[in-house]
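Geometric and topological summary
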Amino acid sequence: MKTIKIHLLFCIFILGFNSCNQNKEPKTETTSISQPEMVLDLLDLQKNNKLGKDTLVTVINDPVYHKTKKYQAVNAVNIVKNEVDLSKIDIKNTIIIFECIDGYKPEMPLELFWKAKPYLAFKDVDAPKGSNWERVIKNGNEMNADPFYLVYTSAEALKNQEYKWPYNVVKFQLVPKNINNALGPKNDEMARKGFVLYQKYCITCHAINGIGGEMGPELNYPKNVTEYWKENELVDYIVNPASFRHKVKMPTLGITKQQSEEIVDYLKYMSERKKSD
Ligand code: HEC
(Lines give C-alpha, C1' and ligand atoms only; values in the text may rest on other atoms or scores of the structure.)
Protein backbone atom coordinates (compact mmCIF):
# COMPACT_ATOMS: atom_id res chain seq x y z
CA MET A 1 0.00 0.00 0.00
CA LYS A 2 2.69 2.43 0.99
CA THR A 3 4.68 1.97 -2.19
CA ILE A 4 1.60 2.61 -4.29
CA LYS A 5 1.07 5.89 -2.51
CA ILE A 6 4.65 6.88 -3.09
CA HIS A 7 4.43 6.02 -6.75
CA LEU A 8 1.29 8.02 -7.04
CA LEU A 9 2.89 11.02 -5.44
CA PHE A 10 5.85 10.64 -7.70
CA CYS A 11 3.61 10.56 -10.77
CA ILE A 12 1.81 13.67 -9.66
CA PHE A 13 5.13 15.34 -9.16
CA ILE A 14 6.34 14.39 -12.62
CA LEU A 15 3.07 15.44 -14.25
CA GLY A 16 3.04 18.74 -12.41
CA PHE A 17 6.61 19.38 -13.38
CA ASN A 18 5.97 18.68 -17.03
CA SER A 19 2.98 20.92 -17.28
CA CYS A 20 4.99 23.72 -15.69
CA ASN A 21 7.62 23.27 -18.31
CA GLN A 22 5.05 23.46 -21.04
CA ASN A 23 3.67 26.64 -19.63
CA LYS A 24 7.08 28.20 -19.93
CA GLU A 25 7.33 27.69 -23.68
CA PRO A 26 4.99 30.47 -24.87
CA LYS A 27 7.16 33.02 -23.05
CA THR A 28 9.59 32.91 -25.93
CA GLU A 29 6.87 34.57 -28.00
CA THR A 30 7.46 37.84 -26.25
CA THR A 31 10.94 38.13 -27.72
CA SER A 32 11.39 40.19 -30.81
CA ILE A 33 13.90 41.82 -33.05
CA SER A 34 15.58 44.78 -31.33
CA GLN A 35 12.47 46.92 -30.98
CA PRO A 36 9.71 45.13 -29.11
CA GLU A 37 7.17 47.77 -30.06
CA MET A 38 7.43 46.57 -33.64
CA VAL A 39 5.57 43.38 -32.83
CA LEU A 40 1.79 43.61 -32.89
CA ASP A 41 -0.03 40.87 -31.02
CA LEU A 42 -3.34 40.73 -32.86
CA LEU A 43 -5.22 38.71 -30.25
CA ASP A 44 -4.19 41.23 -27.60
CA LEU A 45 -5.38 44.09 -29.75
CA GLN A 46 -8.68 42.30 -30.34
CA LYS A 47 -9.13 41.71 -26.63
CA ASN A 48 -8.63 45.42 -26.02
CA ASN A 49 -10.96 46.48 -28.84
CA LYS A 50 -8.10 48.04 -30.76
CA LEU A 51 -8.51 46.41 -34.15
CA GLY A 52 -10.67 49.22 -35.50
CA LYS A 53 -13.99 49.27 -37.32
CA ASP A 54 -15.50 46.10 -38.86
CA THR A 55 -16.43 45.95 -42.49
CA LEU A 56 -17.80 43.29 -44.75
CA VAL A 57 -15.44 42.32 -47.57
CA THR A 58 -16.03 40.10 -50.57
CA VAL A 59 -13.12 38.15 -51.99
CA ILE A 60 -13.66 36.79 -55.47
CA ASN A 61 -11.85 33.48 -56.06
CA ASP A 62 -10.41 33.31 -52.57
CA PRO A 63 -7.12 31.41 -52.97
CA VAL A 64 -7.51 29.42 -49.76
CA TYR A 65 -11.18 28.41 -50.11
CA HIS A 66 -11.18 28.40 -53.93
CA LYS A 67 -14.48 30.22 -54.25
CA THR A 68 -15.99 33.60 -53.62
CA LYS A 69 -16.11 34.39 -49.92
CA LYS A 70 -17.41 37.08 -47.59
CA TYR A 71 -15.70 37.99 -44.36
CA GLN A 72 -16.11 40.30 -41.44
CA ALA A 73 -12.82 42.09 -41.37
CA VAL A 74 -10.88 45.18 -40.33
CA ASN A 75 -8.53 47.38 -42.30
CA ALA A 76 -5.10 45.82 -41.71
CA VAL A 77 -3.08 48.93 -42.60
CA ASN A 78 -4.91 50.97 -39.99
CA ILE A 79 -3.95 48.45 -37.32
CA VAL A 80 -0.28 49.10 -38.05
CA LYS A 81 -0.79 52.85 -38.41
CA ASN A 82 -2.53 53.05 -35.05
CA GLU A 83 0.04 51.01 -33.16
CA VAL A 84 3.38 51.99 -34.67
CA ASP A 85 5.11 55.35 -34.57
CA LEU A 86 5.54 55.78 -38.32
CA SER A 87 8.12 58.52 -37.90
CA LYS A 88 10.45 55.82 -36.53
CA ILE A 89 10.34 53.51 -39.51
CA ASP A 90 11.53 53.73 -43.06
CA ILE A 91 8.63 52.22 -44.96
CA LYS A 92 10.64 51.58 -48.12
CA ASN A 93 13.18 49.54 -46.18
CA THR A 94 10.92 47.54 -43.94
CA ILE A 95 9.26 44.20 -44.38
CA ILE A 96 6.16 43.00 -42.59
CA ILE A 97 6.23 39.45 -41.30
CA PHE A 98 2.99 37.60 -40.61
CA GLU A 99 3.51 35.22 -37.74
CA CYS A 100 1.21 32.21 -37.84
CA ILE A 101 0.30 29.75 -35.10
CA ASP A 102 2.44 26.94 -36.49
CA GLY A 103 5.49 29.19 -36.71
CA TYR A 104 5.09 29.82 -40.43
CA LYS A 105 6.28 33.35 -41.18
CA PRO A 106 5.56 34.67 -44.66
CA GLU A 107 6.59 38.25 -45.34
CA MET A 108 6.04 41.08 -47.80
CA PRO A 109 7.50 44.54 -48.33
CA LEU A 110 5.71 47.01 -46.07
CA GLU A 111 5.38 49.41 -48.98
CA LEU A 112 3.38 46.84 -50.92
CA PHE A 113 1.27 46.00 -47.87
CA TRP A 114 0.46 49.71 -47.60
CA LYS A 115 -0.74 49.88 -51.19
CA ALA A 116 -2.47 46.49 -51.26
CA LYS A 117 -5.52 47.40 -49.14
CA PRO A 118 -5.23 44.30 -46.98
CA TYR A 119 -8.01 43.26 -44.63
CA LEU A 120 -7.65 41.19 -41.54
CA ALA A 121 -10.63 38.82 -41.57
CA PHE A 122 -11.80 37.56 -38.18
CA LYS A 123 -15.03 35.83 -39.18
CA ASP A 124 -16.23 33.98 -42.21
CA VAL A 125 -19.79 34.98 -43.04
CA ASP A 126 -20.53 31.47 -44.42
CA ALA A 127 -19.21 29.68 -41.36
CA PRO A 128 -21.44 26.97 -39.95
CA LYS A 129 -23.32 27.91 -36.78
CA GLY A 130 -21.16 27.91 -33.67
CA SER A 131 -17.93 28.46 -35.57
CA ASN A 132 -16.11 31.47 -37.01
CA TRP A 133 -14.80 29.71 -40.10
CA GLU A 134 -15.64 27.30 -42.81
CA ARG A 135 -13.13 24.44 -42.82
CA VAL A 136 -10.11 24.62 -45.11
CA ILE A 137 -9.06 21.33 -46.65
CA LYS A 138 -5.34 21.25 -47.21
CA ASN A 139 -3.46 18.14 -48.32
CA GLY A 140 -6.38 16.06 -47.10
CA ASN A 141 -6.32 17.67 -43.64
CA GLU A 142 -9.14 19.75 -42.24
CA MET A 143 -8.12 23.02 -40.67
CA ASN A 144 -9.55 26.48 -40.17
CA ALA A 145 -8.30 30.03 -40.53
CA ASP A 146 -8.66 30.96 -36.87
CA PRO A 147 -7.96 33.50 -35.42
CA PHE A 148 -7.18 35.78 -38.39
CA TYR A 149 -6.82 35.48 -42.13
CA LEU A 150 -5.24 38.22 -44.27
CA VAL A 151 -7.18 38.90 -47.48
CA TYR A 152 -7.37 41.43 -50.33
CA THR A 153 -10.12 42.41 -52.73
CA SER A 154 -8.03 43.38 -55.77
CA ALA A 155 -7.43 41.07 -58.73
CA GLU A 156 -3.74 42.01 -58.59
CA ALA A 157 -3.46 40.33 -55.19
CA LEU A 158 -4.32 36.97 -56.77
CA LYS A 159 -1.80 37.30 -59.59
CA ASN A 160 1.22 38.77 -57.88
CA GLN A 161 3.19 36.24 -55.80
CA GLU A 162 4.46 39.02 -53.56
CA TYR A 163 1.03 39.34 -51.95
CA LYS A 164 0.71 36.92 -49.04
CA TRP A 165 -2.56 35.38 -47.84
CA PRO A 166 -1.65 33.85 -44.48
CA TYR A 167 -4.31 32.33 -42.21
CA ASN A 168 -3.95 31.40 -38.53
CA VAL A 169 -2.14 34.74 -38.22
CA VAL A 170 -1.44 35.90 -34.66
CA LYS A 171 1.17 38.64 -35.00
CA PHE A 172 2.50 41.28 -37.32
CA GLN A 173 6.17 42.07 -37.07
CA LEU A 174 8.04 44.92 -38.76
CA VAL A 175 11.69 44.25 -39.58
CA PRO A 176 14.27 46.39 -41.40
CA LYS A 177 15.32 44.98 -44.78
CA ASN A 178 18.88 45.77 -43.83
CA ILE A 179 19.10 42.59 -41.76
CA ASN A 180 19.65 40.91 -45.05
CA ASN A 181 22.09 43.55 -46.25
CA ALA A 182 23.97 43.71 -42.95
CA LEU A 183 24.08 40.03 -41.99
CA GLY A 184 23.50 38.06 -45.18
CA PRO A 185 26.53 36.39 -46.83
CA LYS A 186 26.78 37.40 -50.48
CA ASN A 187 28.97 34.85 -52.25
CA ASP A 188 29.40 32.06 -49.76
CA GLU A 189 26.82 29.31 -50.39
CA MET A 190 27.56 27.38 -47.18
CA ALA A 191 27.29 30.44 -44.98
CA ARG A 192 24.14 31.46 -46.82
CA LYS A 193 22.46 28.21 -45.81
CA GLY A 194 23.36 28.82 -42.19
CA PHE A 195 22.12 32.41 -42.40
CA VAL A 196 18.70 31.24 -43.58
CA LEU A 197 18.52 28.87 -40.59
CA TYR A 198 19.82 31.57 -38.27
CA GLN A 199 17.00 33.89 -39.32
CA LYS A 200 14.47 31.14 -38.90
CA TYR A 201 15.57 29.82 -35.51
CA CYS A 202 17.90 32.19 -33.73
CA ILE A 203 17.55 35.87 -34.62
CA THR A 204 14.45 36.33 -32.50
CA CYS A 205 16.61 35.80 -29.39
CA HIS A 206 20.21 36.50 -30.43
CA ALA A 207 21.82 39.47 -32.12
CA ILE A 208 24.77 39.45 -34.46
CA ASN A 209 26.57 42.80 -34.68
CA GLY A 210 23.80 44.21 -32.50
CA ILE A 211 20.99 43.25 -34.89
CA GLY A 212 18.48 40.75 -33.54
CA GLY A 213 16.73 39.74 -30.34
CA GLU A 214 17.98 40.26 -26.81
CA MET A 215 16.68 37.31 -24.86
CA GLY A 216 19.95 35.45 -25.42
CA PRO A 217 23.48 36.92 -25.70
CA GLU A 218 24.99 38.62 -28.75
CA LEU A 219 26.88 35.94 -30.70
CA ASN A 220 29.48 37.88 -32.67
CA TYR A 221 31.20 40.74 -30.89
CA PRO A 222 33.43 41.53 -29.12
CA LYS A 223 34.03 37.75 -29.21
CA ASN A 224 32.30 35.42 -31.60
CA VAL A 225 31.02 32.26 -29.88
CA THR A 226 33.12 30.12 -32.22
CA GLU A 227 36.20 31.76 -30.70
CA TYR A 228 35.56 30.41 -27.20
CA TRP A 229 33.51 27.23 -27.79
CA LYS A 230 35.00 24.04 -29.23
CA GLU A 231 33.30 23.61 -32.57
CA ASN A 232 31.85 20.11 -31.99
CA GLU A 233 30.49 21.12 -28.59
CA LEU A 234 28.92 24.25 -29.98
CA VAL A 235 27.18 22.14 -32.62
CA ASP A 236 25.83 19.83 -29.90
CA TYR A 237 24.83 22.70 -27.64
CA ILE A 238 22.72 24.30 -30.36
CA VAL A 239 20.94 20.98 -30.95
CA ASN A 240 20.31 20.35 -27.26
CA PRO A 241 21.21 23.20 -24.85
CA ALA A 242 19.82 21.36 -21.82
CA SER A 243 22.46 18.65 -22.22
CA PHE A 244 25.05 21.32 -21.30
CA ARG A 245 23.39 23.56 -18.76
CA HIS A 246 20.96 22.76 -15.99
CA LYS A 247 17.86 24.98 -16.20
CA VAL A 248 19.09 26.45 -19.44
CA LYS A 249 16.93 29.26 -20.77
CA MET A 250 17.51 28.46 -24.41
CA PRO A 251 14.89 26.03 -25.73
CA THR A 252 15.60 22.90 -27.72
CA LEU A 253 14.50 24.04 -31.16
CA GLY A 254 14.23 20.72 -32.96
CA ILE A 255 17.04 21.38 -35.38
CA THR A 256 19.25 18.59 -36.71
CA LYS A 257 22.96 18.18 -36.22
CA GLN A 258 23.55 19.02 -39.86
CA GLN A 259 21.52 22.22 -39.58
CA SER A 260 23.48 23.10 -36.47
CA GLU A 261 26.75 22.60 -38.38
CA GLU A 262 25.50 24.94 -41.09
CA ILE A 263 24.62 27.56 -38.50
CA VAL A 264 28.08 27.23 -36.96
CA ASP A 265 29.61 27.71 -40.42
CA TYR A 266 27.64 30.91 -40.70
CA LEU A 267 28.77 32.03 -37.22
CA LYS A 268 32.40 31.40 -38.22
CA TYR A 269 31.86 33.39 -41.40
CA MET A 270 30.52 36.32 -39.34
CA SER A 271 33.48 36.16 -36.94
CA GLU A 272 35.49 37.77 -39.73
CA ARG A 273 32.88 40.44 -40.21
CA LYS A 274 32.49 42.01 -36.80
CA LYS A 275 30.83 45.28 -36.14
CA SER A 276 33.53 47.93 -36.01
CA ASP A 277 32.99 50.21 -33.07
C1 HEC B 1 13.92 31.57 -27.19
C2 HEC B 1 15.17 32.26 -27.27
C3 HEC B 1 16.35 31.57 -27.90
C4 HEC B 1 16.45 31.03 -29.15
C5 HEC B 1 15.35 30.93 -30.20
C6 HEC B 1 17.82 30.66 -29.32
N7 HEC B 1 18.53 30.92 -28.20
FE8 HEC B 1 20.49 30.59 -27.91
N9 HEC B 1 20.33 31.24 -26.01
C10 HEC B 1 19.20 31.76 -25.44
C11 HEC B 1 19.47 32.09 -24.05
C12 HEC B 1 18.48 32.70 -23.09
C13 HEC B 1 20.82 31.76 -23.83
C14 HEC B 1 21.57 31.87 -22.51
C15 HEC B 1 21.66 30.42 -22.12
C16 HEC B 1 21.48 30.04 -20.72
O17 HEC B 1 20.36 30.02 -20.19
O18 HEC B 1 22.48 29.64 -20.14
C19 HEC B 1 21.33 31.22 -25.07
C20 HEC B 1 22.64 30.78 -25.26
C21 HEC B 1 23.17 30.46 -26.48
C22 HEC B 1 24.57 30.17 -26.71
C23 HEC B 1 25.67 30.16 -25.69
C24 HEC B 1 26.32 31.51 -25.64
C25 HEC B 1 27.50 31.53 -24.74
O26 HEC B 1 28.20 32.54 -24.79
O27 HEC B 1 27.78 30.57 -24.03
C28 HEC B 1 24.71 29.92 -28.06
C29 HEC B 1 25.99 29.58 -28.79
C30 HEC B 1 23.40 30.04 -28.63
N31 HEC B 1 22.49 30.36 -27.65
C32 HEC B 1 23.14 29.86 -29.96
C33 HEC B 1 21.86 29.83 -30.51
C34 HEC B 1 21.58 29.49 -31.88
C35 HEC B 1 22.62 29.19 -32.93
C36 HEC B 1 20.23 29.54 -32.03
C37 HEC B 1 19.42 29.20 -33.23
C38 HEC B 1 19.58 27.88 -33.73
C39 HEC B 1 19.67 29.93 -30.73
N40 HEC B 1 20.69 30.09 -29.84
C41 HEC B 1 18.32 30.11 -30.48
C42 HEC B 1 18.00 31.94 -26.05
C43 HEC B 1 17.67 31.49 -27.31
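Attention here is on the structure that accompanies the text.

Here is what the cut-offs are and how they apply
- Here the residue numbers are simple positions, counted from 1 along each chain's written sequence.
- Given that this is a predicted model, residues contribute local features only at a pLDDT of at least 70 and side-chain atom pairs are listed and counted only at 80 or more, while totals for whole chains, interfaces and linings are drawn from all residues.
- Note that the side-chain values use all heavy atoms of the structure and ignore hydrogens as well as water.
- Counting from the N terminus, the helices are the DSSP runs of H or I reaching at least four residues and the strands are the DSSP runs of E reaching at least two.
- For every residue, the accessible area (1.4 Å probe, protein chains only) is compared with the maximum for its type, and the residue is labelled buried under 20%, exposed over 50%, or partly exposed between those bounds.
- Only heavy atoms enter the contact rule, under which two residues are in contact if any of them lie within 4.5 Å.
- Calculation of accessible area relied on Shrake-Rupley with a 1.4 Å probe; when residues are assessed, cover is drawn exclusively from the protein chains displayed.
- Excluding water, the donors of a metal are its N, O and S neighbours within 2.8 Å, or within 3.2 Å for Na, K and Ca, and that exclusion means sites may look incomplete.
- The rule is simple: four donors are tetrahedral if all their angles sit between 85 and 135 degrees, four are square planar and six octahedral if opposite donors span more than 155 degrees and the others lie between 65 and 115, and anything that fits none of that is irregular.
- In this analysis, strands are considered paired if DSSP registers two or more bridges between them.
- For helices, the fitted line uses only the C-alpha atoms of the stretch in contact; every axis is such a line through C-alpha atoms, and the angle between N-to-C directions lies from 0 to 180 degrees.

Within the protein, the secondary structure is distributed over 10 helices and 12 strands. Expressed as a percentage of its 277 residues, the buried residues of the protein come to 38%. Of the contacts made within the protein by residues no fewer than 6 positions apart, 60% connect residues no fewer than 24 positions apart. Element-wise, carbon and sulfur atoms account for 52% of the exposed surface of the protein, whose accessible area totals about 16,800 Å².

Donor atoms from the polypeptide that bind the iron atom of the ligand are His206 (NE2) and Met250 (SD), placed at 2.0 to 2.1 Å. Around the iron atom of the ligand, the 6 donor atoms are arranged such that angles at the metal cover 87 to 177°; this shape is classified as octahedral. Taken together, the residues His206 in the loop between α7 (189-201) and β11 (207-208) and Met250 in the loop between α9 (231-239) and α10 (257-271) connect sequence positions 44 residues apart. Classification of His206 by relative accessible area gives buried; the value is 12%.

A sheet is described by the order of its strands in space; here 4 strands give the open sequence β1-β10-β4-β5, paired in antiparallel fashion. If you trace the sheet from one side to the other, it starts and ends with β1 (39-41) and β5 (107-109), each paired once. Mean inter-strand twist for the sheet, computed between neighbouring axes without regard to direction, equals 20°. Sheet topology places strand β4 (residues 94-100) next to β5; 3 bridges connect them, and they run antiparallel. What sits directly across from Ile97, in β5, is Glu107.

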